[in-house]
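Residue strings, one per chain:
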Amino acid sequence: MESEDQFFGKISEYYSGEKSQEVIKKELESNPETKELFHWIDRFWNSLRPKAWDTANIERRTHEKIREAQSPEPLFRSRPVKYAAAILLALSVSGFAYYYFTGKDPLIEVTSGTGELKVVDLPDGSKVWLNAQSSLRYPEKFKGELREVTMNGEVYFQVKSDSEHPFIVHSDHIQVSVLGTRFLVSDHANEPVIHTYLAEGSIELELKDLKESITLVPGEEVSYDKKTLAVLRVNNPQASFDSWRFGKLSFYNESLFEIGRKLERKFGKMILIEENVEDMKFTADFESETLEQILDFFSLGSHLGYRPTESGYIITSK
């Protein structure tokens, strides 16, 4: 079991958005004790979210819980009310309580699981599709001059046009600014390359690490390597970049490494790839094929093979 400070540090980062929620969630769920407590905290916050409380009531309730929790017992052996008090205090310090104490609407988070597709209707009439193992955070109501959301994973946006209120998409390494358009962003925390594809309209892609912006035209894709900071612009007007919205699985000139990650998210099996073949690129479309049928396809005529492991498959050179 990790220390209380380590645990609450991760909880703070999870709810404040300082680090990838997907990565922190995996870390906390890898240990049975922290997994149980993490799930309790999540249920607690979901039930606590105030709809009509004013700032004074929230502050009063927080202090009441902290006083109730005063006890020399270790945290992980204490009662749920003590968990609540410590959580309230830790998250208040982290900045998560900002959304309550400033009077702003709380954030809504939607997360898709392995092989799962979710569709979200945003409060401004925009529509969003989340591919497997992706997440989106947005306010209950958009207020002020900007419509801002935060994402992780692969997300397709169909933004309702509003010239007076630009729509902003945030992730760890990029920011996308639009007025009304259709586009896709693929930015998984555990993958080295970010892909942005514009289907319609116009967007401005800000690369935070490079401190520069790129304006995309319809049919254009920009790939950005987080480690090397390399940028690649390609015009692919016919690419099936969003086929997953319709239950399909498509790869357009993608490396075997990228394909393996997509197969993991689709089928929930670990796909290991030998280093000497992970840069091989393929273009292919699948609809209802099984994972084994897809692996058969890649092994035919490409000097590749595969074999099962305890948790999935490994792709090798023949």
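One can find the structure itself at the top, above this paragraph.
No experiment lies behind these values; they were computed from the predicted model shown.

**Q** How would you sum up the overall build of the protein chain? Please name residues and give values.
**A** Per the secondary structure count, the protein chain includes eight helices and 18 strands. Scored against the burial criterion, the 318 residues of the protein chain give a buried share of 45%. In the form shown here, the protein chain has an accessible surface area of approximately 16500 Å², with 49% of it arising from carbon and sulfur atoms.

**Q** Describe the pairing of strand β15 (residues 270-273), listing the residues and the values that go with them.
**A** Burial of the side chains of β15 is restricted to one face: Ile271 and Ile273 are buried, whereas none of Met270 and Leu272 on the reverse face is. Alignment of β15 against strand β18 (residues 312-317), held across four bridges, turns out to be parallel. When the bridges of β18 are listed, Met270 appears paired with Gly312.

**Q** Report on helix α8 (residues 291-299), specifying residues and quantitative values.
**A** Taken as a whole, α8 has its buried residues at Leu291, Ile294, Leu295, Phe298 and Ser299. Buried positions in α8, seen along its axis, are confined to an arc of 140 degrees and lie on one side of it. Elements that come into contact with the buried residues of α8 comprise β14 (249-255), α7 (256-267), β15, β16 (281-286), β17 (304-308) and β18. Positive phi shows up at Gly301, right after α8, with a value of about 65 degrees.

**Q** How would you explain the pattern of salt bridges if you had to name every residue and give the values?
**A** Here the structure, examined in full by the defined rule, presents nine salt bridges. Notably, a salt bridge pairs Asp124 with Arg147, separated by 2.5 Å at the nearest N-O pair. With Asp124 in the loop between β2 (118-121) and β3 (127-130) and Arg147 in strand β5 (residues 147-158), this residue pair connects regions lying 23 residues apart in the sequence. Judged by relative accessible area, Arg147 falls into the buried class, the value being 4%.

**Q** Tell me about the environment of Ser250, residues and numbers included.
**A** Considering the arrangement of structural elements, one finds Ser250 in strand β14. When the C-alpha atoms of Ser250 and Phe282 are compared, they prove to be 10.0 Å apart, with 32 residues separating the residues in sequence. Residues within four places of Ser250 in sequence aside, it is in contact with Ser240, Ser243, Lys262, Ala284 and Asp285. At 2.8 Å, the side chain of Ser250 and the side chain of Ser243 are in polar contact.

**Q** Go over the packing of aromatic side chains with me, naming the residues and quoting the values.
**A** Enumeration over the complete set of coordinates arrives at 13 aromatic pairs. Relative to Phe167, the ring of Phe142 lies with its centre 6.3 Å away and its plane at 70 degrees, an arrangement referred to as edge-to-face. Taken together, the residues span a long stretch of sequence, with Phe142 in the loop between β4 (135-139) and β5 and Phe167 in strand β6 (residues 167-170) at a distance of 25 residues. This pair shows no difference in class: Phe142 is buried, exactly as Phe167 is.

**Q** Mind laying out the nonpolar core, listing which residues take part and the relevant values?
**A** Ranked by internal contacts, the top residues of the largest apolar core, which has 29 residues, are Leu122, Leu136, Val149, Phe157, Phe167, Val176 and Phe183. No other element matches the four residues that β5 contributes to this core. Sequence-distant contacts of Phe183, that is, excluding residues within four places in its chain, are made with Val155, Tyr156, Phe157, Val159, Val169, Val176, Val178, Tyr197, Leu198, Ala199 and Ile203. Grouped together as the second largest cluster of nonpolar side chains are 18 residues, Leu249, Ile273, Ala284 and Ile294 included.

Analysis parameters
Residues numbered from 1 in each chain as written. Predicted model: local features only at pLDDT ≥ 70, side-chain atom pairs only at ≥ 80, totals over all residues. Heavy atoms only, no water. Helix = DSSP H or I, 4+ residues; strand = E, 2+ residues; numbered from the N terminus. Buried < 20%, exposed > 50% of the residue type's maximum accessible area, 1.4 Å probe, protein only. Areas by Shrake-Rupley, 256 points an atom, 1.4 Å probe, with all protein chains shown as cover. Pairing = 2+ DSSP bridges. Arc of directions from axis to C-beta. Contact = heavy atoms within 4.5 Å. Salt bridge = Lys/Arg side-chain N within 4 Å of Asp/Glu carboxyl O. Polar contact = N/O pair within 3.5 Å; in protein donor to acceptor, adjacent residues only side chain to side chain. Phe/Tyr/Trp six-rings, centres within 6.5 Å; stacked < 30°, edge-to-face > 60°. Core = buried A, V, L, I, M, F, W, Y, C linked by side-chain atoms within 4.5 Å.

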